[in-house]
Amino acid sequence: MKRVYNFSAGPSVLPEVVLKRAAEEMFDYHGCGQSVMEMSHRSKVFEGIINGAESLLREVMNIPDNYKVLFLQGGASTQFAAIPLNFGNKNKKADYVLTGQWATKAYKEAARYLDAKAVASSKDKTFSYIPKLDPDTFTKDADYFYICMNNTIYGTVYHELPQTGDVPLVADVSSCFLSTPLDVSKFGVIYAGAQKNMAPAGLVVAIIREDLLGNAMDFTPTMLNYQTHADNGSMFNTPPCWTIYIAKLVLEWIKNDIGGLENMQKRNEQKAAILYNFLDNSKMFKGTVVPEDRSLMNVPFITGNDELDAKFVKEATANDFVNLKGHRTVGGMRASIYNAMPIEGVEKLVEFMKDFEARNS
Ligand SMILES: *Cc1c(COP(=O)(O)O)cnc(C)c1O
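Model, not experiment: these values are computed from the prediction.

Caption draft 1: Region of interest: the site of the ligand. In the vicinity of the ligand, the residues found are G75, A76, S77, F80, W102, C148, N150, T152, D172, S174, Q195 and K196. Residue Q195 places a side-chain N or O atom 2.9 Å away from an oxygen atom belonging to the ligand. Within the contact set of the ligand, an oxygen atom lies 2.6 Å away from a side-chain nitrogen or oxygen of K196. When the ligand is considered free in solution it has 390 Å² of accessible area, and contact with the protein chains removes 86% of it. Judged by its atoms lying within 2 Å of the grid points, the ligand is housed in the second largest pocket. Listing elements by their share of the shell around the ligand, those giving two or more residues are helix 3 (75–87) and helix 5 (194–197). Considering every element that reaches the shell around the ligand, the biggest residue donor is helix 3, with four residues.

Here it is, written out as structure tokens:
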């Protein structure tokens, strides 16, 4: 059986121990004679899985008690509408920072329901940096302030959070979720699509400060009202059972094998440094993001020559380094080196890049 090094931005690589465990438990989960895919979501067994996933997440992320943890569906993209509908009903105003395609989509969706203001943007340089933010330009009576924390397509991340005072900070953390410790108390709401760094596609985790719930706009669809899911323990309807189960296994891996998020951060910093150091010293390849805003998770790079980029992607694929092509809107290459990418995968990629450079210059 062969495994490639998968640098996909999402759905993305999962820890091998998790896949093996899921395979072992596939036929007969803990002696109940069924797989998790087949069992009733109302069964005691599944109740143990979903409650276990929530308590592990609370433990690993150190989530304060006054935050609800919700397991939702519809992808991160559905939250782009749910956020204004749920949290924009006081003054019907919200601030957005445009740091890429996902932030811009969220902003445009919000503008359908309220007065959305783009307080800053890095579009002028293809979103290759995080704009400097001046709190004097923020809307004082905004209902919330929205950021996309890690910009999956462009490879930027906020190393410092905006100072929003009493205005709740809402963050899409899809592609940096569980990659480092995060002080949840600094946010009103964070949410993440699972398929980047946590589990297969089909699950979104939302972590919401309790006092922000219960004020959705009247016409909010029941399923988009976070209160619905908070009131029903994420079991108002059938939850994505299988994905929640894999998320639980991934959280066990983070807790028991990695030793928590501090260790995860060290590992991720070590991995990213291998790649960035190479890019900073290569004559052929270069990173596209300003050094101070570089992501630990998504590393875009180019040669400056489209044909050479294509040749690199093709040869890399033939050597089992797959999904290195950059996003269709930006071109070039992108290596997504999420939690589950082993250090060895990055080391071998860099070796391959060195060799490619030597052969093509
Ligand atoms: C992938 C991604 C999305 C979109 O996720 P879907 O689950 O496909 O809707 C949104 N935000 C960020 C930061 C992403 O990386």
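Now, onward.
Caption draft 2: Main features of the domain arrangement of the protein. Examined at the domain level, the protein breaks down into domain 1 (17–257) and domain 2 (261–360). Of the roughly 2100 Å² buried between domain 1 and domain 2 on both sides combined, carbon and sulfur atoms contribute 57%. For the domain 1 face of the interface with domain 2, the top three residues by lost area are I153, P181 and W253, together amounting to 22%. Seen at the junction of domain 1 and domain 2, the total is zero salt bridges. Counting across the interface, domain 1 meets domain 2 through 12 residue pairs in polar contact (both at pLDDT 80 or more). When residues of the side of domain 1 that touches domain 2 are traced back to their parent elements, those giving at least two are helix 2 (44–61), strand 7 (156–157), helix 5 and helix 7 (241–258).

Caption draft 3: Focus on the sheet that holds strand 5 (residues 144–148). The strand order across the open sheet built from seven strands is 2-10-9-8-5-3-4, with neighbouring strands paired in mixed fashion. If you trace the sheet from one side to the other, it starts and ends with strand 2 (67–72) and strand 4 (115–121), each paired once. Mean inter-strand twist for the sheet, computed between neighbouring axes without regard to direction, equals 15 degrees. Bridging between strand 5 and strand 8 (residues 169–172) involves four bridges; their strand directions are parallel. Residue pairing in the sheet places C148 in a bridge with D172 of strand 8.

The rules we used
Residues numbered from 1 in each chain as written. Predicted model: local features only at pLDDT ≥ 70, side-chain atom pairs only at ≥ 80, totals over all residues. Heavy atoms only, no water. Near = heavy atom within 4 Å. Polar contact = N/O pair within 3.5 Å; in protein donor to acceptor, adjacent residues only side chain to side chain. Areas by Shrake-Rupley, 256 points an atom, 1.4 Å probe, with all protein chains shown as cover. 1 Å grid on protein atoms, 1.4 Å probe; cavity = no way out; pocket = protein on both sides within 12 Å on 5 of 7 lines; lining within 4 Å. Sits in = over half its atoms within 2 Å of the grid points. Helix = DSSP H or I, 4+ residues; strand = E, 2+ residues; numbered from the N terminus. Domains from an automatic or database assignment. Buried area = accessible area lost by both parts, 1.4 Å probe. Salt bridge = Lys/Arg side-chain N within 4 Å of Asp/Glu carboxyl O. Pairing = 2+ DSSP bridges. Axes fitted to C-alpha atoms, helices over the stretch in contact; angles between N-to-C directions.

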